[in-house]
Amino acid sequence: MGAVSKLIPSMFHRRLVLLMAAVCLGFAGLLSRMFWMTVVEGDSARALAESRLIRRTWLPTTRGRVLDRTGRVLAYDQASYDVAIDYPVLSGEWARTRAKRYARKAHRDRWDLYDDRERDAIIENYRIIYQQHVEASLRTIAAYTGVGLEEVHAKRDEIVDRIEGQYRQLVEARVRNDVQERERQGFAVTDRDLDRFVKKASQKIREQTIAHPVVEGVRDAVGFELMRMTTREVPAMTYVDGGEAALDELIPLFPGMVITDNTRRVYPFESQAVILDRSSFPLPLRSNESVRVRVDDLGALLLGRVRDSVYKEDADRRKAAIETDSWLRGVALTEEGVDRGRYREHDRVGHTGIESAMEHRLRGLRGLRTEHLQTRGVSEIPPDPGQDVTLTIDMALQARIRAVLDPSVGLTRVQPWHENEYMAVGTELDAAAVVLEVATGEILAMVSTPVAPRDGDWRRLGLNSDEEVERFREERSPYVNRAISKPYQPGSVAKALVLCGASKLGMYAEGERIEATGSLYPDRPTMLRSWIFRKYPGMTHFDQLKRHPDGTDALMVSSNVFFFKLGERLGPKGIDEVYSMFGVGVPIELGIGSSWAGSTGVFDGKGGTLPISPEDAIQMGIGQGPITWTPLHAADSYATLARGGFMMKPRVIRGGGMPEVTNIGVPGWAIRDTLDGLYEVVNNPEYGTGEHVTYDMLRDPVFNIAGVDVWGKTGTATSSPLVMDPDGDGPMEAQVVRKGDHSWYVSLVAREGSAPEYAVAVVVDYGGSGARVSGAINNQVIQALVDEGYLPSVDGDQVAGGDQ
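Now for a description of the structure that goes with this document. Just so it is clear, the model here is predicted, and its values are computed rather than measured.

### A closer look at the sheet that holds strand S15 (residues 377-381)
Spatial strand order, S1-S14-S15: three strands in an open sheet with antiparallel pairing. Each of the sheet's edge strands pairs with one partner strand only, and the pair in question is strand S1 (54-59) and S15. Averaged over all pairs of adjacent strands, the angle between strand axes in this sheet comes to 15°, irrespective of strand direction. By the bridge criterion, five bridges tie strand S14 (residues 367-372) to S15 in an arrangement that is antiparallel. Residue pairing for S15: Leu368 is matched across the bridge by Ile381. Across the sheet, helix H9 (residues 220-228) is in contact with S1, S14 and S15; its angle to S1 comes to roughly 170°.

### Topic: the layout of surface pockets
For the largest pocket, the calculated volume is near 1,800 Å³. What lines the largest pocket is a set of 50 residues, among which Trp531, Arg534, Lys535, Thr716 and Ser769 lie closest to the centre. Sorting the residues of the lining of the largest pocket by element identifies helix H18 (531-535), helix H21 (560-581), strand S23 (692-695), strand S25 (708-717) and helix H25 (770-787) as the ones contributing at least two each. The class makeup of the residues in the lining of the largest pocket is 13 nonpolar, 25 polar and twelve charged.

### Quick look at the nonpolar core
Core analysis: the largest hydrophobic core is formed by 137 residues, its most contacted members being Leu391, Ile401, Met446 and Leu785. Apart from residues lying up to four places away in sequence, Ile401 is in contact with Ala433, Val435, Ala445, Val447, Val781 and Ala784. With 50 residues, the next largest nonpolar core counts Val152, Ile159, Val175 and Val215 among its residues.

### Considering the sheet that holds strand S5 (residues 211-218)
Read across the sheet, three strands follow the order S5-S4-S8 without closing on themselves; strand pairing throughout is antiparallel. The sheet terminates laterally at S5 and strand S8 (257-261), the two strands that pair on one side only. Taking each pair of neighbouring strands and ignoring which way they run, the sheet shows an average axis angle of 25°. Both strand S4 (residues 81-86) and S8 contribute to a ladder of five bridges, which runs antiparallel. Across the sheet, the residue bridging to Tyr81 is Asp261, located in S8. Seen against the sheet, helix H6 (residues 116-145) touches S4, S5 and S8 and runs at an angle of roughly 175° to S4.

### As for the packing of helix H17 (residues 495-504) against helix H23 (residues 631-642)
Helix packing for two helices is described by the angle between their axes and how far apart those axes are. For the pair H17 and H23, the least separation of the axes is 10 Å and the interaxial angle reads 50°. If you check the angle between H17 and H23, you find them oblique. In this structure, H17 crosses over H23, and the sense of that crossing is left-handed. Seen from H17, the contacting residues are Ala496, Leu497 and Cys500; seen from H23, they are Ser637, Tyr638 and Leu641. Grouping the amino acids of the contact of H17 with H23 by side-chain chemistry returns five nonpolar, one polar and no charged.

The rules behind these values
- Residues numbered from 1 in each chain as written.
- Predicted model: local features only at pLDDT ≥ 70, side-chain atom pairs only at ≥ 80, totals over all residues.
- Heavy atoms only, no water.
- Pairing = 2+ DSSP bridges.
- Helix = DSSP H or I, 4+ residues; strand = E, 2+ residues; numbered from the N terminus.
- Axes fitted to C-alpha atoms, helices over the stretch in contact; angles between N-to-C directions.
- Contact = heavy atoms within 4.5 Å.
- 1 Å grid on protein atoms, 1.4 Å probe; cavity = no way out; pocket = protein on both sides within 12 Å on 5 of 7 lines; lining within 4 Å.
- Points joined across faces, edges and corners; volume = space filled by probe spheres on them.
- Nonpolar A, V, L, I, M, F, W, Y, C, P; charged D, E, K, R; others polar.
- Core = buried A, V, L, I, M, F, W, Y, C linked by side-chain atoms within 4.5 Å.
- Buried < 20%, exposed > 50% of the residue type's maximum accessible area, 1.4 Å probe, protein only.
- Parallel < 35°, antiparallel > 145°, perpendicular 65-115°, else oblique.
- Left-handed = near helix turned anticlockwise from the far one by under 90°.

Laid out in structure tokens, this is it:
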């Protein structure tokens, strides 16, 4: 202090210095804060300020269409919008509230001097102005939408009357309940109590706070235009001495207007009427009279559906797609990095099938309207509709095959001549069918039955109670696409693959004949037998053919022992390689959701499989044991044989060029012998196991469509009984509801004299006989190919043979 006194001897000057220091410190704080706001937080502060001067409006878009191979529209958005208005605007509350607020603002200098009557008169004058503005907006809405103003007024009045009635009833009920509770407690209800009860009960209900549609179902162009105007503001107008004047206030051009998206997804081919010609049906069902079949939910399993709720998983998938797909990122993100396709509440999202698998392609991108409030400038990014997705499916062919599989036709209902040992006559049978074009790998049809109703109305399937629906769902699995998602053992249809695979791996030589014993092990005649030895004890295929079979013969007569021996030669490693070379165990990524990849080996209960044993390999030689695939695998494998051993990835979505072709390396002679064997199966009247069926001593060819050549193979695949417990953990015992073998018939078909053009795979759950059940259906699938122009139609009698 002494030093300071010596430096500044005057008390006045010392005080002046202290004062100046305090001022400097104050300015230092202000300067540091200014530095922080302009330099450190400058960008964010500017962004916040600019955001308050910018109004953004998202413009709706539409979902892409799904088309079939012929251009038929299978799914599309039917754009529709509702014009809704906030309830306070409809009831007049908005005009009263705005009038009261503006009156106080316009007359703030004298407001406290007015009495209640004068204030009410001023407020009423302004209320009329605001209400006139509401009426003008209703007239404009009526003009834009083409709806009469009287209809709009009637809708408004109906909404107000209904909601006010609900409100009064609820208030009265609340007050009544409070009064009764007060009296129950032993107290007398006073006027003060009533006032309190009424005040508490008079809280607004939800319907008084939300928007209600006054015009419904307007066209998308009108909806878009009105949506663009929802943020526009104009001066509130009044009339003074016959002239026009504006209030000192901007109000919405359309007070309380909300445009709600009421677009729905339409599937125009979901229900179709199909006329089936029964002249080529199996003898017991054959008729010269056609039958009309109505098929519903035609594309439900394939196309899938959309839902109106957004899950966290949807947002996560969208984010991942934006991060990994540069094309999507380029078209979807705005300059600020905002995804125009991001999910918002109540957005429609692909839930299953094509709708889910192709979500990011089908999903459109919203438009963005930006208004600069300071300059009144407007910029707009128009919405981009979702991309169309074209399928390889022919929906008309799909409909025909669905009709063929309808139990009402009779082919998928147990018949006496099916010779089904386990299922009662009349039982409906579940089935699947796949049609694949050999040259392209394109799937023309992929049908699975039964199908759950898309609209949830199970009564259409004759199910009238929750218990019936639950049993049906558990027993019949209507949500499973059997064509690609249900694992089946292939049965004898796999013998063609085993012959080719064994030839490639050097386990079978060209022209080699294998001794036709009745069973694999002569000292154990009841095990690992051929079907002929089991059906006619002591008889072998040597006795039948008068020669030991080669590969062609073995396929023709479906010799189990021949293929048991090939399985034994191949062993675990070789048999696994055979099935793998035909794609079993490799996911067939169709882009339509999950599918069964196929498997080899016994499941270990932990998501994997145990090593194949030598005994397993023997069984797998005839398509039994620890081997599973799907009808799509079957059609794909036979198409590979038809191409001479060239594998082509099946596809159901067009685009992206031709699929990759892989030579699996089967010797040409093995392909030739295999196709010869498959031809003999169908066309050799003496030995072909899939050539004919006998009904009451009458022989009837399985395939009877004129003008075509058919190669094929029957199969019966062992299946586990379907067991259901009727009362869960209750005292009732579990019941076997379905039992027996699955029925297969896989074929190749072409116009007469041509190489195979189409592969057809049919499986019937618990159907039993391959020829009697699946063969008859396969024949009708070929008829459907004729009817839809894929194969030539021959004039005259379409039935190529058989006793009439």
